Amino acid sequence: MPAIFPMRVLVVGGGPGGLYAALLLKRRTPSAHVEVLERNRPDDTFGWGVVLSDQTVANLRTADPTSADAIARALHHWDDIAVHIRGRTVRSGGHGFSGIGRKALLSILQQRCAAKGVLLRFQAEAPAELEAAVAKDGWDLVIAADGINSRIRERYASSYRPDVDLRRCRFTWLGTPRTFDAFTFDFQETPFGWFQAHAYQFDTGMSTFIVETPQEVWEKAGLHEMDSAASISFCERLFAERLGGAPLLSNAAHLRGSAQWIRFPRIACAEWVHWLEGPRGRVPVVLLGDAAHTAHFTIGSGSKLALEDAIALDQCLADEREDLARALARYQAERSVEVLRLQNAARNSTEWFEHVDRYAALPPEQLAYSLLTRSQRISHENLRQRDADYVASYERWFAERAARDAGREVGAATMPPLLTPYRVRGITLHNRVVVSPMAQYSAHEDGAPSDWHLVHLGARATGGAGLVMTEMTCPSADARITPWCPGMWSEQHRDAWARIVTFVHRHSPARIGMQLGHAGAKGSTRKMWEGVDQPLPDGNWPLVAPSETEYLQGVSQRARAMTIADMARVKDDFVRATRLAADAGFDWLELHCAHGYLLSAFLSPLTNQRTDEFGGAAEGRARFPLEVFSAMRAAWPADRPMSVRISAHDWHPGGNTGDDAVVIARAFRDAGADLIDVSAGQVVKDEQPVFGRMWQTPLADRVRQEAGVATIAVGAITDADQANGIIASGRADLVAVGRPHLTNPAWLLTEAAKLGYPGTAPLWPPQYRAAKSQLDRLMDRERATMMAVAPAPPRGELT
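Residues numbered from 1 in each chain as written. Predicted model: local features only at pLDDT ≥ 70, side-chain atom pairs only at ≥ 80, totals over all residues. Heavy atoms only, no water.

Caption draft 1: Region of interest: the packing of aromatic side chains. Applying the stated rule across the entire model yields 31 aromatic pairs. Centre to centre, the rings of Trp-78 and Phe-183 are 6.3 Å apart; their planes meet at 25°, and the pair counts as stacked. One end of the pair, Trp-78, is in strand S4 (residues 76-78); the other, Phe-183, is in strand S11 (residues 183-190), with 105 residues separating them in the sequence. Here Trp-78 falls in the buried class, since its relative accessible area comes to 4%. Judged by relative accessible area, Phe-183 falls into the buried class, the value being 1%. Ring plane angle 70° and centroid distance 5.5 Å describe the contact between Trp-272 and Tyr-331, whose orientation is recorded as edge-to-face. A residue pair is termed long-range when its members are at least 10 positions apart, and Trp-272 in the loop between strand S14 (262-269) and strand S15 (273-278) and Tyr-331 in helix H12 (residues 324-354) qualify at 59 residues. Given the relative accessible area of 3%, Trp-272 is considered buried. Exposure remark for Tyr-331: the relative accessible area of 0% places this residue in the buried category. An aromatic cluster is built from Trp-78, Phe-97, Phe-183, Phe-185, Phe-187, Tyr-200, Trp-352, Phe-353 and Tyr-359, whose rings are joined through pairwise contacts. (Phe/Tyr/Trp six-rings, centres within 6.5 Å; stacked < 30°, edge-to-face > 60°. Helix = DSSP H or I, 4+ residues; strand = E, 2+ residues; numbered from the N terminus. Buried < 20%, exposed > 50% of the residue type's maximum accessible area, 1.4 Å probe, protein only.)

Pasting the structure below:
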């Protein structure tokens, strides 16, 4: 590729991102010809205020101090977030926002561009034939900053490959002379459903006021039939208390077609560069800002992202001066990572506001906490760093509520949410941490647990967890995954398990639960480390499934479809195992209906093609698992809890989704399940899951709020900070921690020491208490070191 500079640059779109890109390129290379085409007038705008984080303001100062100084003088800064619902207000501080009027920002950037020699052409459309314009005018680089409805992105869609997801809510972007001393969320319930306002001040006398509601609520309220004036009057009446008599204002006159209420499109492009042929070789058309990507306004402004795109593009062009293609590839690689991170957070945030009705039943204290942590980017400890008094107050409220629910005395000291007690039926867990069921493949071949299980489960029980779960234990020999999986079908098994239960009860305050499951079509395989899901080299046993199938096509043994007689036998096996588990002294019982094992396979349309009463619609597919559960519940002591593990999403077209998970969870709740252990996937091998931190927690959250049943969250929960946030927000009632417990059996005790919480002494076995003070001192030193060198917590993001 030829060298980049000097060059002729055409910027299509004169919003903040396009102007800033033009400014930085011209500032770095004064000899370059940089031209901006903007279809609107200089003072037209489609929003009111722009929110900038403290970090973005710092980045602007580094990139161009002159414009940054002007922007800083126009910024209105505030620290607090205020949440209003049902006549209550919850307030927290330390969030660090800055707002600026969009007109003011555009004016500053226009003036700065003009001063540096950028040619600004307003009321100028982009060339209809960009190829001809490139050939005629000799452009070396075209920057498409033409916004969320980018015509350039649409014209070259085959290259950019945009993915557009039109979200559920309608919103209208208004202004008001009413000023606010905090970023304000106001929730109002109507006969039609919930509306919410997002309001923030951006200069001394004006605030942005966004009103949002789901599409169906918007239609029920008749807003789709109202003109602009009528819809504004509706919002003024609805939010009269918050507005305090101030009017709401619209700048919709500038909007073509006067589209007052819009739905937000989440946009992600697979490629950000399209190449045209120019007189001096190939010419790139590179996307910037909303043309390339969008992130919902509930986590920050699109202008903020566009400005950061412009900074990155300028830097990449400067660093790779000899190779334009390499510079643009680096720009896309760097920015796409940040965009993906923000869009993942935005997905969680967007869904929270799309389903306010899920959370409206929470106490105002918990709803506000859930809102603050909705994206999973702002954690419990982040909030503590922002506003320690708020978090201490919330922890005290949560601990008092948990103690009352558990029938315990309310202590004077606060404690982290994950260390609060949890009572269900006649069992009280001393904290919210569960050691996940984890296959060990270490049982005797007759199905009896071995000394390995005594050590494995005993160590985790003495490590502080509230509940320790066995791995999936099978009710018959042919129900096992491998010959080395444990069973519960004989008195010998009962007695071997009773030895482990006795150890846990005698040497720890933990409770111990048994998970029962049938492998179905995933049975008769090797140990995981010898070939996961691979069939045994010899000695295989016949497999059964809802429908004839192979888990691994062409590899696995073919399972036959179950007969009614098979189903009766399997149900009887589960009931027998249930009675044996009760006799062995287990405190808790869980039925495994997840991960493609037998009962999970009945629930999923991907693996259940039966045409009788046990197939078809969700009700039929759930019939046999519910029959098994109901029979087990009847055999299990009434004062001991039962949970059900489900795959809440199959991650495959045509499979179960979150909608189905809510239906399934309700059915088990109605049958007597106390909690739903919300996992996902592993139903079919060619699944496409979306991994990430706490990646299954949103599913647990949805099941808990919509199905009205307590949940256990599981999946990439690795530290106490994450666990505290999940429990405190009401996304789940318990957290199941797996692999971190393999690394450290005393995971909870270690995490509590990291947080500096002193109240874990009763969880330590007396034989190990000599180590507690040493660990506490070590963690005190580590915290002090981290506080000295760590950056301040992220501020100025709406997450």
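Caption draft 2: Just the nonpolar core, in detail. Membership of the largest hydrophobic core comes to 119 residues, with the highest contact counts inside it found for Phe-187, Met-488, Phe-586, Phe-668 and Ile-676. Take this core: its biggest share by element is eight residues, from helix H20 (residues 564-584). Core analysis: the second largest hydrophobic core is formed by 68 residues, Ala-21, Val-34, Leu-109 and Val-118 among them. (Core = buried A, V, L, I, M, F, W, Y, C linked by side-chain atoms within 4.5 Å.)

Caption draft 3: The arrangement of the side chain of Ser-53 in detail. Mapped onto the elements, Ser-53 comes out in strand S3 (residues 49-53). Taking the relative accessible area as the measure of exposure, Ser-53 reaches 2% and is therefore buried. Here Thr-56 takes part through its side chain, which lies 2.9 Å from a polar atom of the side chain of Ser-53. (Polar contact = N/O pair within 3.5 Å; in protein donor to acceptor, adjacent residues only side chain to side chain.)

Caption draft 4: Representation of the packing of helix H14 (residues 364-372) against helix H16 (residues 388-405) in the model. Packing of H14 against H16 leaves a shortest axis separation of 11 Å and a crossing angle of 130°. With respect to H16, the element H14 is oriented oblique. Pair H14 / H16 crosses with left-handed handedness. Between H14, through Glu-365, Gln-366, Ala-368, Tyr-369 and Leu-372, and H16, the contact on the second element is made entirely by Tyr-390, Tyr-394, Trp-397, Phe-398 and Arg-401. Looking at the contact of H14 with H16, its residues break down into seven nonpolar, one polar and two charged. (Axes fitted to C-alpha atoms, helices over the stretch in contact; angles between N-to-C directions. Parallel < 35°, antiparallel > 145°, perpendicular 65-115°, else oblique. Left-handed = near helix turned anticlockwise from the far one by under 90°. Contact = heavy atoms within 4.5 Å. Nonpolar A, V, L, I, M, F, W, Y, C, P; charged D, E, K, R; others polar.)

Caption draft 5: Representation of the pairing of strand S16 (residues 281-287) within the structure. Within S16, five of the seven residues are buried, which leaves it mostly tucked inside the rest of the structure. Once S15 ends, the chain turns through two residues before running back antiparallel as S16. (Pairing = 2+ DSSP bridges.)

Caption draft 6: Local environment of the state of the cysteines. Under the criterion given, the structure shown has zero disulfides. Considering cysteine sulfurs only, Cys-485 is the nearest to Cys-474, which forms no disulfide, with 5.8 Å between them. Cys-474 gets classed as buried once you look at its relative accessible area, which sits at 0%. (Disulfide = S-S within 2.5 Å.)

Caption draft 7: Quick peek at the sheet that holds strand S26 (residues 675-679). As summarised here, the arrangement of the eight strands in space is S19-S20-S21-S24-S25-S26-S27-S28, forming a closed barrel in which the pairing is parallel. Pairs of neighbouring strands in the sheet enclose a mean axial angle of 25°, with direction left out of account. Against the sheet, helix H25 (residues 697-707) makes contact with S26 and strand S27 (710-714), and its axis sits at roughly 175° relative to S27, the strand it touches most.

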